[in-house]
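Examination of the molecular architecture
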Amino acid sequence: MNRSQRIARDVLVSLSAQRSRVLLMMLGLTVGVAVLSAVIVIGQGTRERIMGLVEKHGLDMVMVRAGGDVQIFAPQSDRGLASLVEADARAVEAEVPYVDLVSAVQNQRGISVVYEDRSVITRAFGVEPTWLAIRHRDVAEGEFLSESDMAAMARVAVLGVKVTRALFPEGGAVGRTVRVNNDPYTVKGVFIELGTDAAGVDDWDDRIVVPLTTSARRLFNRPYLEQIVFRVTDVRRVPETAERVRNLLAVRHGIGPGQPADFFVREPEDVEGAALETTSTLSALLLAISVVALVVGGLVIMNLMLASVSQRSREIGLRRSMGARASDISRQFLLEALFVALAGGAVGVAAGTVIAAALGAAGIASSRITWVPFAVALVACAAIGVVFGIHPARNAARVDPAASLRGRAA
Amino acid sequence: MIEVDGLTRLYRRGTLETQVLKGVSFRVRRGEFVVIMGRSGSGKSTLLNILGLLDRPDGGRYLLDGADLSGADDDARSAARNRKLGFVFQQFHLLERASALRNVTLPLLYAEQDSGDSTERAERALQAVGLTHRPRHLPSELSGGEQQRVAIARALINDPAVILADEPTGNLDAQNGREILEIFRHLVDGGRTLVLVTHDRAVAERGDRVLVLDDGRIVGEEAVPTPAAGTRSDAAGAV
Ligand SMILES: Nc1ncnc2c1ncn2[C@@H]1O[C@H](COP(=O)(O)OP(=O)(O)OP(=O)(O)O)[C@@H](O)[C@H]1O
Ligand SMILES: [Mg+2]
């Protein structure tokens, strides 16, 4: 062991001989770190829960439908409304803030899909490659549509699970050629199973998806769209983003105030966005409280260390007489503050995570324990120990050994 | 071993000035037991602190083992305290929360090199002062005499050439005081240099030479008369 290590060990031995003093010193910091780590654990849990809800319900997606306000009711048959065009989609993409992915969508029922002696009648969608992420879908086998499929107007299709089962009961759909309205299409992929929508009307598994260019030029052979779907970067911005899109499309379609629109913007319910809002306000408040507690905890350590320097001036003088350099003394007191702060942080982070996990288990809050609160506590307490330990350590190094050894009391 | 020449020390607090040392000169040879006597306030502790490199004189010269450290930095002076000097105080100055053994090992913390098994060295040092039992006791659980033995063992652990003792028997009863002086005599016989401050005539008689400090100057120097040597060997025989 070198000199610094010996001094560090000596500090640990000294501290372990006076645990009640250490407990008193670290208390404030422990409270601060406990609140801080509970906020982090609950914050991360809440974020994760909301991200899960966003994934599951597509809360970050807004859909624009062709046709007017009557479209609140889901259309049972496709109408030939020629109001939405691809330029509208590009305008939304280019002009509306918080929109990161956009896909124009066409769809049509009554499409026949045949493989050898099997056939189904299903609904076909023409979409852009971004559609997969916007709708939170995924492929189970093969791949989704690509930009080069779009550019080539490729005759490729991704099949829903029900279509796949009907045509390929033995599996192995990917790579086969099926006939869609009598034209040959290569099966590029198969979607994961999704089931029906909440109302039980729309069957997500009973459909096929082809590139938008293919549907517009070949399969449906028409330019207008049924939908534009887009993703909003921040769930909390969904309502204002939907409003901006409404205004933009009204201008583009020449619809004055009070006139009925020829499109309909449907946004997801905003319940979770509001929940996220309250949670973040609350955690900002708790975060502020914990920062105050951390600073107070640091000040407590500093003041008790300053008191300890004057109480222990004789010890300092004695150590100097034994050969301690001024720098050894300041190192001793700095390490003492640092170790106390780290001990306070360790207890605090343990208490905070346990409390947050208990709240999570009781269903009062969402919690998720990661390494983050531990790293934050370590860094914060090391910084606090050093920052608030420097002043007492300097004072300790300045104690005059000759004067401090003069006193009479033992 | 120790050479001082014209040492002066002035304490200043505000406009209040106290000239404590007014030019102190003397020498101590290696292996000598020198006693510094003087009435209270004559500057004995001040002088000893300067000899111990805990304080710097305002003027004069001090050579410790041939080296002048008056202009040296804190690191060099601290290293010299650690290697060459051992202190014994009237108030023992033991760490209250540390066992006897840990108190004795403290100087090893500040040594340049690691000293191997510090516990073993501390046990040997305690043996040298005749305190083999109770190594795990706290100072508050030891008698005054035992506490001072622990303090001497601590002063010895780095094997210093010079021991500086400020009223080491001042807080002890006569019997314990005699025993502590026996230990010191042994150390000097073993080749160590000892400077001991006291105002007790009986204690002074155990030294080889007595310097009398008064009003900031050495006013007298006397070799201890021969009868003391006789007492000394009697006592040594009794230990
Ligand atoms: N830090 C200081 N500031 C001012 N005066 C001081 C200081 N330290 C000591 N003195 C004064 O210096 C003088 C000598 O003090 P010192 O402690 O050296 O005496 P001493 O001979 O050891 O006395 P005693 O036998 O009582 O221990 C005293 O008058 C004391 O008041
Ligand atoms: Mg004194």
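In the block above lies the structure referred to throughout.
Residues numbered from 1 in each chain as written. Chains lettered and ligands numbered in written order. Predicted model: local features only at pLDDT ≥ 70, side-chain atom pairs only at ≥ 80, totals over all residues. Heavy atoms only, no water.

Along its length, chain A carries 13 helices and 10 strands. Taking 22 Å as the expected radius of gyration for a compact globule of 410 residues, we find that chain A reaches 33 Å, considerably beyond that expectation. Considering only C-alpha atoms, chain A reaches an extent of 110 × 55 × 40 Å along its principal axes. Excluding contacts between residues fewer than 6 apart, the proportion of contacts in chain A whose partners are at least 24 apart in sequence is 78%. Just so you have it, chain A exposes about 19,000 Å², and 59% of that area is on carbon and sulfur atoms. Once the 44 positive and 41 negative side-chain charges of chain A are each reduced to a mean point, those two points are 15 Å apart. (Helix = DSSP H or I, 4+ residues; strand = E, 2+ residues; numbered from the N terminus. Rg over C-alpha atoms; globule rule 2.2 N^0.38 Å. Contact = heavy atoms within 4.5 Å. Areas by Shrake-Rupley, 256 points an atom, 1.4 Å probe, with all protein chains shown as cover. Lys, Arg positive; Asp, Glu negative; His and termini not counted. Charge placed at Lys NZ, Arg CZ, Asp CG, Glu CD.)

What follows deals with the site of ligand 1. Around ligand 1, a shell composed of 13 residues is seen, among which Arg 406 of chain A together with Ser 40, Lys 44, Ser 45 and Thr 46 of chain B lie nearest. Site remark: ligand 1 is flanked by residues from chains A and B. Note that an oxygen atom of ligand 1 is positioned 2.5 Å from one of the side-chain N or O atoms of Ser 40 of chain B. Between ligand 1 and Gly 41 of chain B there is a distance of 2.9 Å, counted from an oxygen atom to a backbone nitrogen or oxygen. Contact with the protein chains hides 69% of the accessible area of ligand 1, taken as 630 Å² for the molecule alone. (Near = heavy atom within 4 Å. Polar contact = N/O pair within 3.5 Å; in protein donor to acceptor, adjacent residues only side chain to side chain.)

Attention now moves to the packing of helix α11 (residues 326-361) of chain A against helix α12 (residues 372-398) of chain A. Between two packed helices, both the angle of their axes relative to each other and the distance between the axes serve to describe the pair. Residue and element names in this part refer to chain A. The interhelical angle for the contact between α11 and α12, taken along N-to-C directions, is 150°, at an axis separation of 7 Å. By the angle between their axes, α11 is roughly antiparallel relative to α12. For the pair α11 and α12, the crossing hand works out as right-handed. (Axes fitted to C-alpha atoms, helices over the stretch in contact; angles between N-to-C directions. Parallel < 35°, antiparallel > 145°, perpendicular 65-115°, else oblique. Left-handed = near helix turned anticlockwise from the far one by under 90°.)

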